[in-house]
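Commentary on secondary and tertiary structure
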Amino acid sequence: MLPHTETEMDEFLLAFEGGTLPKAQWTHAAHLLTGASYVYALSEAAAVDKMRICVRRYNEAVGGKNTDTSGYHETITVAWIKVLAKLLRESRPMDRAAFAALAVERFANDRTYLQRFYDFDLVNSTEARRRWIPPTIGALD
C-alpha cells in the first residue's frame, strides 16, 4: 500500500533511499510517487539526479543489478520526471502528498504511457537504458 500522508511519504522515501523498502513494494506506482515527491521538492534536473542515484542504489540493495538488460533505465527515468514536472506545472498549487496522489492516480494504471512518444521498443532498448534519448514522437513537456 502506498503512503498518503506527508509523514507516511517521508517514511516510504527513507526506506527506499536506505534500501530497506521491501522489493515487492517497489511498483510502478511507487516509482511514480517517488518521482513526484522529488519533482515537487527539487528542480527537474535535481529530481533526475536523485532518482538516478537512488534507483541504482536501491536495485543493488535488494539484490538486483543495473545492467544493459535490467535495473536502472535512464530514458524511462528522465521521461517520467519530465512528465511529472509538466503535471506539477499544470496542477499547482497543491501540497506534496496531493501531488503524489494525483500522479499515481493519473499514470499508475497506464504502464504503456511512454510508448506514445517513442517509435521503437523503449523498454528493451539497451541504448535507451544507458543514456537519455529524447522522444521520437511528440514532446513530453
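Heads up: the structure comes first, above all this text.
This report concerns the structure included in the present document. (Residues numbered from 1 in each chain as written. Predicted model: local features only at pLDDT ≥ 70, side-chain atom pairs only at ≥ 80, totals over all residues. Heavy atoms only, no water.)

**Focus: the pattern of salt bridges**
Convention followed: Each salt bridge in this description consists of a side-chain nitrogen of Lys or Arg and a carboxyl oxygen of Asp or Glu lying within 4 Å of one another. Secondary structure counts use DSSP, requiring at least four H or I residues in a row for a helix and at least two E residues in a row for a strand, with both numbered from the N terminus.
Under the definition given, this model contains nine salt bridges. One salt bridge connects E6 with R96, and the closest N-O pair in it is separated by 2.8 Å. Here E6, found in helix α1 (residues 6-17), pairs with R96, found in helix α5 (residues 96-107); they are 90 residues apart in sequence, far enough to count as distant. One salt bridge in this structure joins D49 and R52, with 2.8 Å as the shortest N-O distance. A residue pair is termed a helical-turn pair when its members lie 3 or 4 positions apart in one helix, as D49 and R52 do in helix α3 (residues 44-61) at three residues.

**Here we look at the environment of M51**
Mapped onto the fold, M51 is located in helix α3. Sequence separation of M51 and A30 is 21 residues, and the distance between their C-alpha atoms is 12 Å.

**Looking at the packing of aromatic side chains**
Geometrically, a pair of aromatic rings is defined through the distance of the ring centres and the angle of the planes. Threshold: Two rings belonging to Phe, Tyr or Trp (six-membered ring only in the last case) form a pair when the distance between their centres is within 6.5 Å. Interplanar angles under 30 degrees mark stacking, angles over 60 mark edge-to-face geometry, and anything in between is tilted. Throughout, exposure labels follow a simple rule: accessible area from a 1.4 Å probe, protein chains only, divided by the maximum for the residue type, with under 20% read as buried, over 50% as exposed, and the rest as partly exposed.
Under the counting rule described, the total for this entry stands at nine aromatic pairs. Plain terms: the ring middles of Y113 and F117 are 5.5 Å apart, the flat faces sit at 55° to each other, and that makes the pair tilted. Residue classification places F117 among the buried positions, given a relative accessible area of 11%. Each member of the aromatic cluster is reached from another via a ring pair, and the members are W80, F107, Y113 and F117.

**Let's talk about the nonpolar core**
For the record, the criterion: The criterion is simple. A nonpolar core is a set of buried Ala, Val, Leu, Ile, Met, Phe, Trp, Tyr and Cys residues joined through side-chain atoms within 4.5 Å. Note on definitions: a residue-residue contact is assigned when non-hydrogen atoms from the two residues lie within 4.5 Å.
Ranked by size, the top nonpolar core spans 46 residues in total, and within it F16 and L114 carry the most contacts. Contributing elements (two or more residues each) for this core: α1, α2 (28-41), α3, α4 (74-91) and α5. By residue number, the principal contributor to this core is α4, which donates nine residues. Excluding its chain neighbours within four sequence positions, the residues that come into contact with F16 are L21, W26, T34, Y38, C54, V55 and Y58.

**Here's the deal with unusual backbone geometry**
Here R92 and P93 are connected by a cis peptide whose omega angle stands at 0°. Structurally, P93 can be placed in the loop between α4 and α5.

**Thoughts on α2**
Threshold: Helix span, expected: 1.5 Å multiplied by one less than the number of residues in the helix.
The terminal C-alpha atoms of α2 lie 20 Å apart, and with 14 residues this matches the ideal 20 Å at 1.5 Å per residue to within 8%. Looking only at α2, the buried set comprises H28, A29, A30, L32, L33, T34, G35, A36, S37, Y38 and V39. Packed against the buried residues of α2 are α1, α3, α4 and α5.

**As for the packing of α1 against α5**
Rules: To get an axis, a line is fitted to the C-alpha atoms, and for a helix only the part in contact is used. The angle between two axes follows their N-to-C directions and goes from 0 to 180 degrees. In these notes the angle categories are as follows: under 35 degrees is roughly parallel, over 145 is roughly antiparallel, 65 to 115 is roughly perpendicular, and the rest is oblique. The sense of a crossing depends on the near helix, which, turned anticlockwise from the far helix by less than a right angle, makes the crossing left-handed and, turned clockwise, makes it right-handed. Basically, the charged four are Asp, Glu, Lys and Arg, the nonpolar ten are Ala, Val, Leu, Ile, Met, Phe, Trp, Tyr, Cys and Pro, and anything else, Gly included, counts as polar.
Taken N-terminus to C-terminus, the directions of α1 and α5 make an angle of 70°; their axes are 9 Å apart at the nearest point. On the basis of the axis angle, α1 is roughly perpendicular to α5. For the element pair α1 and α5, the recorded crossing hand is left-handed. Between α1 and α5, the contacting residues are E6, M9, D10 and L13 on the first element and R96, A97 and A100 on the second. For the contact of α1 with α5, the class distribution of residues is four nonpolar, no polar and three charged.

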